[in-house]
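# Examining the three-dimensional arrangement
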Amino acid sequence: MEEIGDRVTRIQTLTLDLFSNNPSPTPCPRSRSKKRPRSAEETSPFECLSEEILFLILDRLDESSLDKKAFSLVSRSFHAAESRHRRVLRPRRSNLLPSALSRYPSVSHLDLSLCPRVGDAALSAIAGALRSSLRSIDLSRSRLFSQIGLESLAVTCAGLVEIDLSNGTDLSDAAAAAIAKARNLERLWLARCKMMTDMGLGCIAVGCPKLRLLCLKWCLGVTDLGVGLVAVKCKKLRSLDLSYTMITKKCLPAVMQLPCLEDLALAGCLGINDQALLSLKQGCMSLGVLDVSNCQHVTHLGLSSILSRAPFTQSVASSLQKLSKLQSIRLDGCPVTSAGLKAIANSCTSLKELSLSKCSGVTDEGLSSVVVKHKTLMKLDITCCRNITDVSVANITSSCSALTSLRMESCGLVSNEAFHLIGQHCQLLEELDLTDNDVDDEGLKAISRCSKLSSLKIGICLNISDEGLVHVGKSCPELQELDLYRSFGVTDKGVSAIASGCCNLQIINLAYCMEITDESLISLSTCYKLNTLEIRGCSRVTSTGLSAIALGCRQITKLDLKKCYDVNDAGMLPLARYSQRLRQINLSYCSVTDVGLLVLASTSCLQSITILHLTGVTANGLVAALLSCGSLTKVKLHSSFKSLISQPLLKHIEARGCLLQWVDKPFQIEMEPNDVWKQQSQDVLVH
């Protein structure tokens, strides 16, 4: 409230300065006398501003800050204008929904991702309050509603064009039939709606012919029949995600006939094999993105990357040539060979993005053939391509100077000298992943010449230290994400350099950086945009550092404090007071007791919490916290508590939409040194 009060004062002062005739207005002294009604001559100058001017001011205020709330507290007219101006609403709790709908009648986008319990009555109330103004609703994290509530939305809100029902595992064909009544629907997400079948999908296809985006990822009840109906009825489809469904090659000819299709995802489809890829010969000329990653039955004989010179693969090659607008190919986990990559190099003339993550057959010869011919390539993912060497990096950097994203985690044969080439030639990079590579401080110094970097991942890079981070902090002011996972040589000095030079930092991973202390967190507390902090295993961090983060980083949504043994109840108090956006936290092995857990439960947005091996927490304290935190959707806790809590109480908590995940892990204190841990990880990958 103190912060909001300060913002109100600043807005009032600014507005007075803008509209006052007096160039140096003298502030009025405080008066303790009783307030009297204002006459017409004494009306606040704020009341004279037109709604148009107020809307212009609101357009320039940050959506994610408290500025708009402060604006609404300036005067009655400001409050009313802010209510009419708001178009996006994201209630923190379900019980706030009625008052929010009453205050904001012009909302067009309603995000209920923080409300795990939204029943049919709530959806009916939303439909009645917003009606034609509602255009988009996100129910991907909500439960308890059925086809009744969905039908109310679809029928009443004629302007509805976007619905996200992802994770609706309880939604059936009846719900699909209700959705089909939203005649103007353009974007629909049904990921993990596993009970929906072809019958429900057919209703949607007939009822929603204007669909442009449809996500059916993990819809296990959907087969070729349902997808075929969609392809016939929804001719405006631009994006279709069929990942991890039960489709086969039978539906692909119809899909490839969609005249506007730009993005097709077939990742993990077990029914897609070599023969299915021949459907590409139908020639969907508009297709720009093709994802066939993790298709286990696609082999080197039929992959769209053409893995041999046999007549069969030549027919597939000619199919690829017909896809003149194909800009993105994702082959993650597929058995790619040099011949296949050469076919891509010769066929896909418009290629902008290529993902070969975990493709063990990628070599210098094959990769070089692609990058040399595709000089306009912008995104390249060669994660875990363990056979490439400096030769590939040299060809990438000399040919693809326009790269904005390069992911090359665990490319163990690439030497430190190769990273100097990245800094010299690829200075447009915005995303760079060098996790588990041999880059050192000199390599980081070279990479820091990529001043546009917004994401840098250098976890498990055992040769870097504060010296390298100092260069990054000085030269990469746009950095938003930094991953230093298990970078043992990093200390408070390096983190301080990042905090002072990268004021836009939003995500930082310092897990198992053993030299990190409270000083690092105090430095990071100046990064007011920080929303994700991972300090798992940083055993020297205490509640003092955590308090600094809570006070300075009000946008924090995710905290991993596992094995921060000296974080106790004293750290929970400032979190509960200042971190009102906190959604996910891991407190395993911390020194938090019942008191701290109960205090934390008052955080209004908290959805996920992991509390393994909290020796100071009792069954009664745990129950009190779970009952107090109404926004929880997932709790991971030790199985030893299960027998101590009554079954009716557990069922009550789960009925509110909270998933209880019981874990039976032994108590662990000691951690392996980084070099031992790294060797064990590599052994697992090899075997």
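Analysis parameters
- Residues numbered from 1 in each chain as written.
- Predicted model: local features only at pLDDT ≥ 70, side-chain atom pairs only at ≥ 80, totals over all residues.
- Heavy atoms only, no water.
- Helix = DSSP H or I, 4+ residues; strand = E, 2+ residues; numbered from the N terminus.
- Buried < 20%, exposed > 50% of the residue type's maximum accessible area, 1.4 Å probe, protein only.
- Contact = heavy atoms within 4.5 Å.
- Areas by Shrake-Rupley, 256 points an atom, 1.4 Å probe, with all protein chains shown as cover.
- Pairing = 2+ DSSP bridges.
- Right-handed = clockwise from strand over helix to strand, strands pointing away.
- Axes fitted to C-alpha atoms, helices over the stretch in contact; angles between N-to-C directions.
- Parallel < 35°, antiparallel > 145°, perpendicular 65-115°, else oblique.
- Nonpolar A, V, L, I, M, F, W, Y, C, P; charged D, E, K, R; others polar.
- Phe/Tyr/Trp six-rings, centres within 6.5 Å; stacked < 30°, edge-to-face > 60°.
- Lys NZ or Arg CZ within 6 Å of the ring centre and 35° of its normal.
- Salt bridge = Lys/Arg side-chain N within 4 Å of Asp/Glu carboxyl O.
- Patch = residues over 30% accessible without salt bridge, like charges linked within 9 Å, V, L, I, M, F, W, Y side chains within 5 Å.
- Core = buried A, V, L, I, M, F, W, Y, C linked by side-chain atoms within 4.5 Å.
- pLDDT = per-residue confidence, 0-100.
- Lys, Arg positive; Asp, Glu negative; His and termini not counted.
- Charge placed at Lys NZ, Arg CZ, Asp CG, Glu CD.

If you check an unreviewed UniProt entry, the protein chain appears there as F-box/LRR-repeat protein 15-like leucin rich repeat domain-containing protein from Ananas comosus var. bracteatus.

Turning our eyes to something else, we now look at the overall build of the protein chain. Across its full length, the protein chain carries 26 helices and 23 strands. Burial statistics for the protein chain: of 687 residues in total, 51% are counted as buried. Restricting the contact set of the protein chain to residue pairs at least 6 apart, pairs at least 24 apart contribute 74%. Summed over its atoms, the accessible surface of the protein chain is roughly 30200 Å², and 53% of this surface lies on carbon and sulfur atoms.

What follows concerns the pairing of strand 21 (residues 608-611). Both faces of strand 21 are covered, namely the face carrying S608 and T610 and the face carrying I609 and I611. The pairing of strand 20 (residues 584-586) with strand 21 spans 3 bridges and is parallel. Directly across from Q584, in strand 21, lies its bridge partner S608. Taking the sense of rotation as the criterion, the β-α-β connection linking strand 20, helix 23 (residues 594-600) and strand 21 turns out right-handed. Bridging between strand 21 and strand 22 (residues 634-638) involves 4 bridges; their strand directions are parallel.

This brings us to the packing of helix 6 (residues 120-130) against helix 7 (residues 147-156). The description of two packed helices rests on the angle between their axes and on the distance between the axes. Interaxial distance between helix 6 and helix 7 falls to 8 Å at its minimum, and their mutual angle equals 10°. In terms of axis orientation, helix 6 runs roughly parallel to helix 7. For the pair helix 6 and helix 7, the contacting residues are D120, L123, S124, I126 and A127 in the first and I148, G149, L150, S152, L153 and T156 in the second. Tallied by class, residues from the contact of helix 6 with helix 7 come to 6 nonpolar, 4 polar and 1 charged.

With that settled, consider the packing of aromatic side chains. The description of an aromatic ring pair uses the distance of the two centres, along with the angle that the planes make with each other. Under the definition given, this model contains 4 aromatic pairs. A ring pair is formed by Y485 and Y512, whose centres lie 6.1 Å apart and whose planes are at 80°; its orientation type is edge-to-face. Of the two residues, Y485 sits in the loop between strand 16 (481-483) and helix 19 (492-501) while Y512 sits in the loop between strand 17 (507-509) and helix 20 (518-524), which places them 27 residues apart along the sequence. Centre to centre, the rings of Y589 and F667 are 5.1 Å apart; their planes meet at 50°, and the pair counts as tilted. Placement of Y589 in the loop between strand 20 and helix 23 and of F667 in the loop between strand 23 (659-663) and helix 26 (674-686) is noted, with a sequence separation of 78 residues between them. Residue F667 is classed as partly exposed on the basis of its relative accessible area, which comes to 46%. Of note, R486 hangs over the ring of Y512, and the distance from its end group to the ring centre comes to 4.3 Å. Positioned over the ring face of Y589 is K563, at 5.1 Å from the centre of the ring.

A few words on the pattern of salt bridges. All told, the structure shown has 16 salt bridges when counted by the stated rule. Between K181 and E151 there is a salt bridge, with the nearest N and O atoms lying 2.5 Å from each other. With K181 in the loop between helix 8 (173-179) and strand 5 (187-189) and E151 in helix 7, this residue pair connects regions lying 30 residues apart in the sequence. Its relative accessible area of 32% is what places E151 among the partly exposed residues. Three or more residues are tied together by salt bridges with common partners; here these are E162, E186, R187 and R212.

Here the focus is a nonpolar patch on the surface. A cluster of nonpolar residues, W218, L220 and M246, forms a patch on the protein surface that exposes about 260 Å² of accessible area. Relative to the helices and strands, W218 resides in the loop between strand 6 (213-215) and helix 10 (224-233). For W218, a relative accessible area of 30% translates into the label partly exposed.

Our focus in this paragraph is the nonpolar core. In terms of nonpolar packing, the biggest core is built from 177 residues, with I126, L190, L524 and L587 touching the most fellow members. The biggest single contributor to this core is helix 24 (residues 619-628), with 5 residues. What I126 contacts, discounting residues up to four positions off in sequence, is L97, L101, L110, L112, R131, L134, I137 and L153. Within the second largest apolar cluster, 8 residues are counted, among which are L61, F71, V74 and F78.

To continue, consider the confidence of the model for the protein chain. When the pLDDT values of the protein chain are averaged, the result is 86; 85% of them are 70 or greater. Counted against residues more than four places away or in other chains, residues 304-318, with its pLDDT under 50, gives 45 contacts.

A few words now on a positive patch on the surface. On the surface, R141, R192, K194 and K217 cluster together into a positively charged patch. Within the element layout of this structure, R192 appears in the loop between strand 5 and helix 9 (198-207).

Attention shifts here to the environment of L61. In this structure, L61 sits in the loop between helix 2 (51-59) and helix 3 (67-72). Excluding its chain neighbours within four sequence positions, the residues that come into contact with L61 are D67, K68 and F71.

We now examine helix 21 (residues 543-552). Three or more residues of helix 21 are buried, namely S543, G545, L546, A548, I549 and A550. Buried residues along helix 21 sit in contact with helix 20, strand 18 (532-534), strand 19 (558-560) and helix 22 (569-578).

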